[in-house]
Amino acid sequence: MTALAPSRPADLAALARLMAGPLPVRFIAGGTDLLLPGRPLPRQGLLVDVSAINGLAGIKADGGDIEIGGATTVAALAAHAGLAKRFPALGQAAAECGSVQIRNRATLGGNVANAAPAADLVPVLALAEARLRLMMPGGANAEVQLGDFRPEAGGLVMEAVLPAARLLPRSAFAKLGPRRDLTISRLNMAAMGEFSNGRFGALRLVAGSLGPRPIRLGRAGAALAGRRLTSAALRDFMQALSEEVDAAIPGRASRNWKRQAIRGLGLDLIARLCGLSPRDPLFDEAL
Ligand SMILES: Cc1cc2nc3c(=O)[nH]c(=O)nc-3n(C[C@H](O)[C@H](O)[C@H](O)COP(=O)(O)OP(=O)(O)OC[C@H]3O[C@@H](n4cnc5c(N)ncnc54)[C@H](O)[C@@H]3O)c2cc1C
């Protein structure tokens, strides 16, 4: 018999009172990670369901910074028209998370706090240089860069803020897993950049599943930035991607296949970013 007590606060003020109280608090949102068989739940304290907290879910993407509530479901991210316009990579990543049932339950805050290396939303949030608004134990608010967030500190992710000043006009996401559908990423990538009249401007890329946290792919971005989209430029890009893998996981058994696989994934990602078909002859010529 455990002494873990369930709680379902209706608003953030009620949650702040629980956070200021004597009992340790553990959150549950969709439960798609927390309730997996074999995951031990704490034996004491409060298990606080944050999925029904008023104001904790929602997306604001109509100009200025993009703000996404911590309890926003992955399905809502995938379906949001304003987000698809301002920062399509996040909606694309959401659309490729799990199944319909998982997406309807799973939340942005859960994806961030679960901190799995294979998480699909986290690299995209890293690409956007997201900040997190938190409620800390004790009830005080705090704001941290995504990379500085430590789930073990016990803060509630109230909101992710994607600074408008860092968003570029185009973005895209691509992932690779053992299956085509309902698959956990073995490798994922997100890109954001400028592309018009066949030429790239700035280009930023982040990869997930190459280490415990997302990795910025500066070399690969530099291989295409400022260049025309040609098969020669794509070949340089693919070479840079393989070198990024070599640098990220030098001694790992997965290095050999990942340094090859990232080349194809990179081409798919660039096709998506540029609004082209991955079957465009340009991409075949690059291989
Ligand atoms: C079959 C299956 C397929 C999946 N496929 C994918 C996939 O393709 N891509 C992917 O990225 N993930 C996938 N997942 C993992 C999971 O669905 C996501 O990580 C999801 O976003 C977790 O959200 P949740 O609300 O269910 O978290 P929960 O399970 O409720 O919580 C997970 C952790 O986060 C904490 N937490 C929850 N909300 C907050 C908050 N607001 N602030 C702070 N801490 C919080 C909890 O305490 C817990 O430690 C899959 C899971 C399953 C079971």
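The structure contained in this document is the topic of the report that follows. For clarity, every value in this text was computed on a predicted model and none was experimentally measured.

The strands that make up a sheet pair up through hydrogen bonds in the backbone, lying either parallel or antiparallel. Here we have five strands laid out as an open sheet, ordered S4-S5-S8-S6-S7, and antiparallel in their pairing. Looking at the sheet topology across the chains shown, the edges are occupied by strand S4 (59-60) and strand S7 (141-145). Sheet topology note: the S4/strand S5 (residues 66-69) ladder contains two bridges and is antiparallel. Bridge pairing in S5 links isoleucine 59 to isoleucine 68.

Looking now at the nonpolar core. If you look at soluble globular proteins, the nonpolar side chains tend to sit buried side by side. Ranked by internal contacts, the top residues of the largest apolar core, which has 38 residues, are Leu77, Phe87, Leu90, Leu121 and Leu162. Where this core is concerned, the elements lending two or more residues are S5, helix H2 (74-79), helix H4 (88-95), helix H6 (108-114), helix H7 (121-127), strand S6 (131-135), strand S8 (156-162) and strand S10 (187-196). Built from parts of two domains, this core gets at least three residues from each of domain 2 (59-166) and domain 3 (170-286). Formed by 36 residues, the second largest nonpolar core is a distinct cluster that contains Ala191, Leu234, Leu241 and Ala261.

It is at 8 Å that the axes of helix H9 (residues 231-248) and helix H10 (residues 255-274) come closest, and there the two elements cross at 140°. Classified by the angle between their axes, H9 and H10 sit oblique to one another. As for how H9 packs across H10, the hand of that crossing is right-handed. For the pair H9 and H10, contact is made by Leu234, Phe237, Met238, Gln239, Leu241, Ser242, Val245 and Asp246 and by Arg255, Lys258, Arg259, Ile262, Arg263, Gly266, Leu267 and Ile270, respectively. Split into classes, the residues belonging to the contact of H9 with H10 amount to eight nonpolar, three polar and five charged.

In terms of burial, H4 is largely enclosed, as seven of its eight residues are buried. Within the span of H4, buried status applies to Pro88, Ala89, Leu90, Gly91, Gln92, Ala93 and Ala94.

With that settled, the discussion passes to the packing of aromatic side chains. Counted by the stated rule, this structure contains one aromatic pair. Taken together, a centroid distance of 4.9 Å and an interplanar angle of 50° make the contact between phenylalanine 195 and phenylalanine 200 tilted. Accessibility assignment for this pair places phenylalanine 195 and phenylalanine 200 in one class, buried.

Now for the site of the ligand. Looking at the ligand, there are 29 residues lining it, with Phe27, Thr32, Asp33, Leu34 and Thr107 nearest. The backbone of valine 157 places a nitrogen or oxygen atom 2.7 Å from a nitrogen atom of the ligand. Burial of the ligand by the protein chains amounts to 89% of its free accessible area of 980 Å². Mapped by element, the contributors of at least two residues to the shell around the ligand are strand S2 (25-28), H6 and S8. For the shell around the ligand, the element with the most residues is H6, which contributes five residues. Of the residues assigned to the shell around the ligand, the class counts are 13 nonpolar, 11 polar and five charged.

Each value, and the rule that gives it
- Residues numbered from 1 in each chain as written.
- Predicted model: local features only at pLDDT ≥ 70, side-chain atom pairs only at ≥ 80, totals over all residues.
- Heavy atoms only, no water.
- Pairing = 2+ DSSP bridges.
- Helix = DSSP H or I, 4+ residues; strand = E, 2+ residues; numbered from the N terminus.
- Core = buried A, V, L, I, M, F, W, Y, C linked by side-chain atoms within 4.5 Å.
- Buried < 20%, exposed > 50% of the residue type's maximum accessible area, 1.4 Å probe, protein only.
- Domains from an automatic or database assignment.
- Axes fitted to C-alpha atoms, helices over the stretch in contact; angles between N-to-C directions.
- Parallel < 35°, antiparallel > 145°, perpendicular 65-115°, else oblique.
- Left-handed = near helix turned anticlockwise from the far one by under 90°.
- Contact = heavy atoms within 4.5 Å.
- Nonpolar A, V, L, I, M, F, W, Y, C, P; charged D, E, K, R; others polar.
- Phe/Tyr/Trp six-rings, centres within 6.5 Å; stacked < 30°, edge-to-face > 60°.
- Near = heavy atom within 4 Å.
- Polar contact = N/O pair within 3.5 Å; in protein donor to acceptor, adjacent residues only side chain to side chain.
- Areas by Shrake-Rupley, 256 points an atom, 1.4 Å probe, with all protein chains shown as cover.

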